[in-house]
Amino acid sequence: MICEEAIKLMDGYLDGELDPMTSQKIEQHLRDCRKCQEAYEAHTALTHAISRRAPYYKAPTELRERIQSSLRDAVGVRDSRSAARENRALLTSPRAERRLVLPEIPWNWLALAAAIIVAAIIASSLLSQLRPPTSDQFLATQLIASHVRSLMADHLTDVASSDQHTVKPWLDTKLDFAPPVVDLSSEEFPLIGGRLDYLDNRPVAALVYGRRKHFINLFVWPAASDATKAPKTITREGYQLLHWADSDFNYWAVSDVNVSDLELFKQQFETRTPRH
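Residues numbered from 1 in each chain as written. Predicted model: local features only at pLDDT ≥ 70, side-chain atom pairs only at ≥ 80, totals over all residues. Heavy atoms only, no water.

Student: Explain the pairing of strand β6 (residues 239-245) to me, using residue names and the numbers behind them.
Tutor: Of all 7 residues in β6, 7 are buried, a share of seventy percent or more. Side chains Y239, L241, H243 and A245 of β6 all project onto a buried face; the interleaved residues Q240, L242 and W244 project onto the opposite face, where all are buried too. Between β6 and strand β7 (residues 249-255), which pair antiparallel in sequence order, lie 3 residues. (Buried < 20%, exposed > 50% of the residue type's maximum accessible area, 1.4 Å probe, protein only. Helix = DSSP H or I, 4+ residues; strand = E, 2+ residues; numbered from the N terminus. Pairing = 2+ DSSP bridges.)

See below:
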């Protein structure tokens, strides 16, 4: 993806309107291009400032005209003589300078200046809180994209079988690790097959399970020694992602089933998986 295309799609990316694969390409581009990353941060700050901190409600034309008319009446159009008398009186007050300046500035310019100042303050406070997409966010985008791609491209499996003794040997010969494979048909999560995929900069195993009329992609690869073992659930773009790890492997389950079904799947898979 080039910079021009990334900037063009920025609005749709910020609003969550893009498909997972396009979002993944933009996130990868933001990680590699500092210029577009800065544009992303500035754009996000402005969007947050407008939508969250300074909501805009357009007033009816009649109301706006009444307010402006009232302000003009309050300020008044004074002749030079009365204005001079008032100015001399105001000079004795410590607030004289501020009160003298305001009547000379048109209302629309005051409103515009105030809006610019407020937006600048909000944007500056938010900009420092913005961060590039985290590694987990980037990985989540990859996982969803792989799940969706497997359904759209009719490439759900490389080896289609409900027999774990067929799926596991096939994967073992294609990978540099031996992923656990179990059939959960009795728990209403039938094994459909497996395939090779590529995530987190390495080949991984993708085990495919069914749940009623839905599919669960379970991505498996070796766990790092410092891998977080605590389960983590992410909801994104209408999909549920559940992550857990043991001493040997990382597991990411992705599906559009509800969270309770995905957690039940995890429990059943762990029950049938040998512990080391």
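Student: A description of the sheet that holds β7 should follow, citing residues and the corresponding values.
Tutor: Overall, antiparallel pairing links the 7 strands, which are arranged β1-β2-β3-β4-β7-β6-β5 in an open sheet. Each edge of the open sheet is held by one strand with a lone partner, namely β1 (159-160) and β5 (232-236). Bridge analysis of β1 against strand β2 (residues 191-199) gives 2 bridges, and the strand direction is antiparallel. Bridge assignment links A160 to a residue of β2, and that residue is G193. Contacting β1, β2 and β3 (202-211), helix α10 (residues 164-174) crosses the sheet at an angle of about 15° to β2. (Contact = heavy atoms within 4.5 Å. Axes fitted to C-alpha atoms, helices over the stretch in contact; angles between N-to-C directions.)

Student: Run through the packing of aromatic side chains, naming residues and quoting values.
Tutor: Evaluated as defined, the whole model comprises 9 aromatic pairs. Judged by centre distance (6.1 Å) and plane angle (40°), the rings of F265 and F269 are tilted. Residue F265 and its partner F269 are located together in helix α11 (residues 259-272), separated by 4 residues, close to a single helical turn. Like F265, the residue F269 is buried in the burial classification. (Phe/Tyr/Trp six-rings, centres within 6.5 Å; stacked < 30°, edge-to-face > 60°.)

Student: Describe helix α3 (residues 20-32), and please don't skip the residues or the numbers.
Tutor: Between the first and last C-alpha of α3 there are 19 Å, a value that for 13 residues agrees with the 18 Å anticipated at 1.5 Å per step. When α3 is considered as a whole, its buried residues turn out to be P20, T22, S23, I26, E27, H29 and L30. (Expected span 1.5 Å × (residues − 1).)

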